[in-house]
Amino acid sequence: MSRGGNVAVMVIAVLVLPALGLTLLLMDRVENWMSGPSTAPRHAGARRHLRLLHGGQSATASRAAHAAGARHRDAA
């Protein structure tokens, strides 16, 4: 390579290295921002299931359904 080619390679290397460092810093900040705690809860809270029928279930039917679901999970 000629002397001018070496200078061009050095200039590119000097400019690319800080750009890569800034990119890594930016990606680290974005990753921390995205994996941080959310401001609002993402769950329904006390009301856990969608009610498709008006009136919902009675308390005894709800307990029976919960027990049946627990038995189903334990079977696997």
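In this text the structure is predicted, and so the values were computed from the model without any measurement.

**Q** Would you mind showing me how to read the overall build of the protein chain here?
**A** What the protein chain contains, in helices and strands, is 2 helices and 0 strands. Each of the 76 residues in the protein chain was classed as buried or not, and the buried ones make up 0%. Carbon and sulfur atoms provide 65% of the accessible area of the protein chain, an area that totals close to 7600 Å².

**Q** Quick question: what am I supposed to make of a nonpolar patch on the surface here?
**A** A cluster of nonpolar residues, Leu 26, Val 30, Trp 33 and Met 34, forms a patch on the protein surface that exposes about 490 Å² of accessible area. Inspection of the secondary structure puts Val 30 in helix H1 (residues 3–35). Using a relative accessible area of 31% as the deciding quantity, one classes Val 30 as partly exposed.

Each value, and the rule that gives it
- Residues numbered from 1 in each chain as written.
- Predicted model: local features only at pLDDT ≥ 70, side-chain atom pairs only at ≥ 80, totals over all residues.
- Heavy atoms only, no water.
- Helix = DSSP H or I, 4+ residues; strand = E, 2+ residues; numbered from the N terminus.
- Buried < 20%, exposed > 50% of the residue type's maximum accessible area, 1.4 Å probe, protein only.
- Areas by Shrake-Rupley, 256 points an atom, 1.4 Å probe, with all protein chains shown as cover.
- Patch = residues over 30% accessible without salt bridge, like charges linked within 9 Å, V, L, I, M, F, W, Y side chains within 5 Å.
- Salt bridge = Lys/Arg side-chain N within 4 Å of Asp/Glu carboxyl O.

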